[in-house]
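Working through the structure, step by step
Below are the chains, spelled out letter by letter.
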Amino acid sequence: MTGNDIDLLDDTTLTEIGADLTGAKPAQILLLACGALAHEVLALKAANGWDHMDLTCLPAKLHLYPDKIVGAIEQAVTKHRAKYSEIFVLYADCGTGGLLTAKCAELGIEMLAGPHCYSFFEGNANFAAHEDEITAFYLTDFLVRQFDAFIWKPMGLDRHPELRDMYFGNYTKLVYQAQLKDSKLEALAQGHAKRLGLAYEYRFTGYGDLARELARKA
Amino acid sequence: MSDDQDEIILAELDDEELTLQMHDDLYDGLKEEIEESVHILLGRGWMPYEVLTKALVEGMRIVGIDFRDGILFVPEVLLAANAMKAGMFILKPLLAETGAPRMGRMVIGTVKGDIHDIGKNLVTMMMEGAGFEVKDLGINNPVDNYLEALVAEDADILGMSALLTTTMPYMKVVIDTMIEKGMRDDYVVMVGGAPLNEEFAKAVGADAYCRDAAVAVETAKAFMLKKHNSVSA
């Protein structure tokens, strides 16, 4: 995987279809990830020369139907298991209510800790310490880029903007947890906050626990 | 559902046609049409309870089935709920005046640390539609809010909702406190929310997990019938 390959990864594809980036010759470890993490994982792989890790991504839109995540993970593990000595699931709980943790334990594979990507990007311990943030709505780099496909349209706000306050009326602020320092993304995130009628806060996180967890496999 | 809404004059439909049209209009989230139809049926001498159950609740039941089956999605359900809410707004004071069967009393709220209330609000509406008196505690409720309301309202049922994996364990805090205070067996405890499941409900000691508003209503009715039978026996 080269820098050019990373650039070629299309967010819409990652949202809708996912991406199988495994090659003909399998590496030692398979990273089985949410499509929403593809850019970040590839960037970490490239920066650290982690060529012993392959990446395959499930469609990020599975998050719109969390009850489908566990089955999709199991299916992917079954498909790839024979080719790899280890599979590392790059999902947090992601709304599965503990079922993904139970499934990974049953399959004997590791997964990321934490409730969501916006938690492990900040660092699960730091995120959990924000007791005053129950009215915060979080976006990562991927979610900022895919805001319309992932949030605005599936919630029907493109067709029925009057529903906005039914969804977001109890929120007070949008927190953009940035993995990269990118002024264009920041401007986009500010626009999203405005559309949702929320205050805006910028918080640079980098790759947080994702980097630390992948480094353990180096 | 219908493509020719503009050509239909609601007042010209007979009762059966109008009721079916209301099911369609609820499905399509047409608030004004629902309000107009409710007034028409009341004007024709329908009892408010009849309008509620035959037109609104039945219409939402159909919406609920199609939501469960993946034909409708959350935005459409919310629009339908808004339309039903508008109809209930007209009927509620009339129901109080004319009397309607009382199924039981429920206290409901989203747990501490959680501000999500769409599912809870749908359950509240459908429970009210089914004849339950519901005290809605809103969002972010600590254990004391639930316990005080259960006593104050002389409730039969406690409903707790959570959308977050991080907040759903709080349901166990509430149920454990009920056990400590010796009041657990006085109430039916129903739980719901996107990340919940049957196993979780059992693990925290709830009586039932309700995957959607329709299931919540059916579950509550079944528990009330059981309670009624055990009292009569």
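Refer to the structure printed above.
Described below are features of the structure shown in this document. (Residues numbered from 1 in each chain as written. Chains lettered and ligands numbered in written order. Predicted model: local features only at pLDDT ≥ 70, side-chain atom pairs only at ≥ 80, totals over all residues. Heavy atoms only, no water.)

1. Digging into the interface of chain A and chain B
Listed as interface residues are 20 residues of chain A and, on the opposing side, 20 residues of chain B. Across the chain A/chain B interface, buried area totals approximately 1600 Å², and carbon plus sulfur atoms make up 64% of it. Looking at the side of chain A facing chain B, the largest losses of area belong to Ile 134, Met 166 and Asn 170 of chain A, adding up to 35% of the total buried there. Summed over the shared surface of chain A and chain B, the result is one salt bridge. Between Arg 159 of chain A and Glu 76 of chain B there is a salt bridge, and its shortest N-O distance comes to 3.2 Å. (Contact = heavy atoms within 4.5 Å. Buried area = accessible area lost by both parts, 1.4 Å probe. Salt bridge = Lys/Arg side-chain N within 4 Å of Asp/Glu carboxyl O.)

2. Some details on the sheet that holds strand 7 (residues 173–178) of chain A
Where strands meet in a sheet, backbone hydrogen bonds hold them as pairs that are either parallel or antiparallel. All names here are of chain A. One open sheet accounts for three strands, arranged 6-7-8; its pairing is parallel. The open sheet is flanked by strand 6 (136–139) and strand 8 (199–204), the only strands paired with a single partner. Adjacent strand axes in the sheet meet at a mean angle of 25°, parallel and antiparallel pairs treated alike. By the bridge criterion, six bridges tie strand 7 to strand 8 in an arrangement that is parallel. (Pairing = 2+ DSSP bridges. Helix = DSSP H or I, 4+ residues; strand = E, 2+ residues; numbered from the N terminus. Axes fitted to C-alpha atoms, helices over the stretch in contact; angles between N-to-C directions.)

3. Focus: the side chain of His 192 of chain A
Within the element layout of this structure, His 192 of chain A appears in helix 11 (residues 183–196). Not counting residues within four places of it along the chain, the set of residues in contact with His 192 of chain A comprises Leu 139, Val 144, Phe 147 and Leu 174 of chain A.

4. Quick word on a nonpolar patch on the surface
Where nonpolar side chains cluster on the molecular surface, the patch consists of Leu 64 and Tyr 65 of chain A together with Phe 73 of chain B and spans about 240 Å² of accessible area. Positionally, Tyr 65 of chain A belongs in the loop between strand 3 (53–58) and helix 4 (69–80). By relative accessible area, Tyr 65 of chain A is classed as partly exposed at 32%. (Patch = residues over 30% accessible without salt bridge, like charges linked within 9 Å, V, L, I, M, F, W, Y side chains within 5 Å. Areas by Shrake-Rupley, 256 points an atom, 1.4 Å probe, with all protein chains shown as cover. Buried < 20%, exposed > 50% of the residue type's maximum accessible area, 1.4 Å probe, protein only.)

5. Let's talk about the nonpolar core
The biggest cluster of nonpolar side chains holds 73 residues, and the ones touching the most others in it are Leu 90, Tyr 91 and Leu 214 of chain A. Counting contributing residues, this core receives three or more from each of domain 1 (3–112) and domain 2 (125–204) of chain A. In this structure Tyr 91 of chain A touches Leu 32, Ala 33, Cys 34, Leu 58, Pro 59, Leu 62, His 63, Ile 69, Ile 73, Leu 100, Met 111 and Leu 112 of chain A, once residues within four positions along its chain are discounted. One finds Tyr 27, Ala 55, Ile 90 and Ile 108 of chain B within the second-largest nonpolar core, a separate group that totals 49 residues. (Core = buried A, V, L, I, M, F, W, Y, C linked by side-chain atoms within 4.5 Å. Domains from an automatic or database assignment.)

6. Describing the pairing of strand 1 (residues 104–110) of chain B
Residues and elements named next belong to chain B. Burial within strand 1 is extensive, with six of its seven residues counted as buried. The pairing of strand 1 with strand 2 (residues 132–136) spans five bridges and is classified as parallel. Bridge pairing in strand 2 links Met 106 to Val 134. Note that the unit made of strand 1, helix 5 (residues 118–129) and strand 2 has a crossover that is right-handed. Pairing of strand 1 with strand 3 (residues 157–161), which is carried by five bridges, proceeds in the parallel orientation. (Right-handed = clockwise from strand over helix to strand, strands pointing away.)

7. Here we look at the packing of helix 1 (residues 15–27) of chain B against helix 3 (residues 48–68) of chain B
Residues and elements named next belong to chain B. It is the contact of helix 1 with helix 3, at a shortest axis distance of 8 Å, that shows an interaxial angle of 45°. Regarding the angle of helix 1 to helix 3, the classification is oblique. Between helix 1 and helix 3 lies a crossing whose hand is right-handed. For the pair formed by helix 1 and helix 3, the contact residues are Thr 19, Met 22, His 23, Leu 26 and Tyr 27 on the first element and Lys 54, Ala 55, Leu 56, Glu 58, Gly 59, Met 60, Ile 62, Val 63 and Asp 66 on the second. Its residues assigned to classes, the contact of helix 1 with helix 3 comprises eight nonpolar, three polar and three charged. (Parallel < 35°, antiparallel > 145°, perpendicular 65-115°, else oblique. Left-handed = near helix turned anticlockwise from the far one by under 90°. Nonpolar A, V, L, I, M, F, W, Y, C, P; charged D, E, K, R; others polar.)

8. A short note on the environment of Ser 85 of chain A
All names here are of chain A. Within the fold, Ser 85 resides in the loop between helix 4 and strand 4 (86–90). Ser 85 sits in the exposed class, given a relative accessible area of 61%. Sequence separation between Ser 85 and Phe 168 is 83 residues, and the spatial gap between their C-alpha atoms is 44 Å. In this structure the side chain of Ser 85 is engaged in a polar contact, spanning 3.0 Å, whose partner is the backbone oxygen of Gln 28. (Polar contact = N/O pair within 3.5 Å; in protein donor to acceptor, adjacent residues only side chain to side chain.)

9. Considering the environment of Lys 120 of chain B
All names here are of chain B. Mapped onto the elements, Lys 120 comes out in helix 5. Of the residues examined, Lys 120 reaches a relative accessible area of 3% and is grouped as buried. With 39 residues separating them in the primary sequence, Lys 120 and Gly 159 have C-alpha atoms 8.6 Å apart. Dropping the residues within four chain positions of it, Lys 120 is found in contact with Ile 108, Gly 109, Thr 110, Asp 136, Gly 138 and Ser 161. Looking at Lys 120, its side chain comes within polar contact range of the side chain of Asp 136, at 2.9 Å.

10. Focus on the pattern of salt bridges
When the charged atoms of two side chains lie near each other, side chains of opposite charge can form a pair. Residue and element names in this part refer to chain A. For the structure on display, the rule yields 33 salt bridges over all chains. Arg 216 is the partner of Glu 110 in a salt bridge, and the nearest nitrogen-oxygen pair spans 2.8 Å. With Glu 110 in strand 5 (residues 110–111) and Arg 216 in helix 12 (residues 208–216), this residue pair connects regions lying 106 residues apart in the sequence. Judged by its relative accessible area of 47%, Arg 216 is partly exposed. Between Asp 209 and Arg 212 there is a salt bridge, with the nearest N and O atoms lying 3.7 Å from each other. Placement of the pair is Asp 209 and Arg 212 together in helix 12, with a separation of three residues, close to one helical turn. Residue Asp 209 is classed as buried on the basis of its relative accessible area of 11%.

11. Observations regarding helix 12 of chain A
Residues and elements named next belong to chain A. Buried residues of helix 12: Asp 209, Leu 210, Glu 213 and Leu 214, and no others. Seen from one end, helix 12 has its buried residues packed into an arc of 130°, which puts them on one side. The inward-facing, buried residues of helix 12 abut strand 2 (29–34), helix 3 (38–48), strand 3, strand 4, helix 6 (117–122) and helix 7 (124–128). (Arc of directions from axis to C-beta.)

Read these as spatial facts, not as claims about activity.
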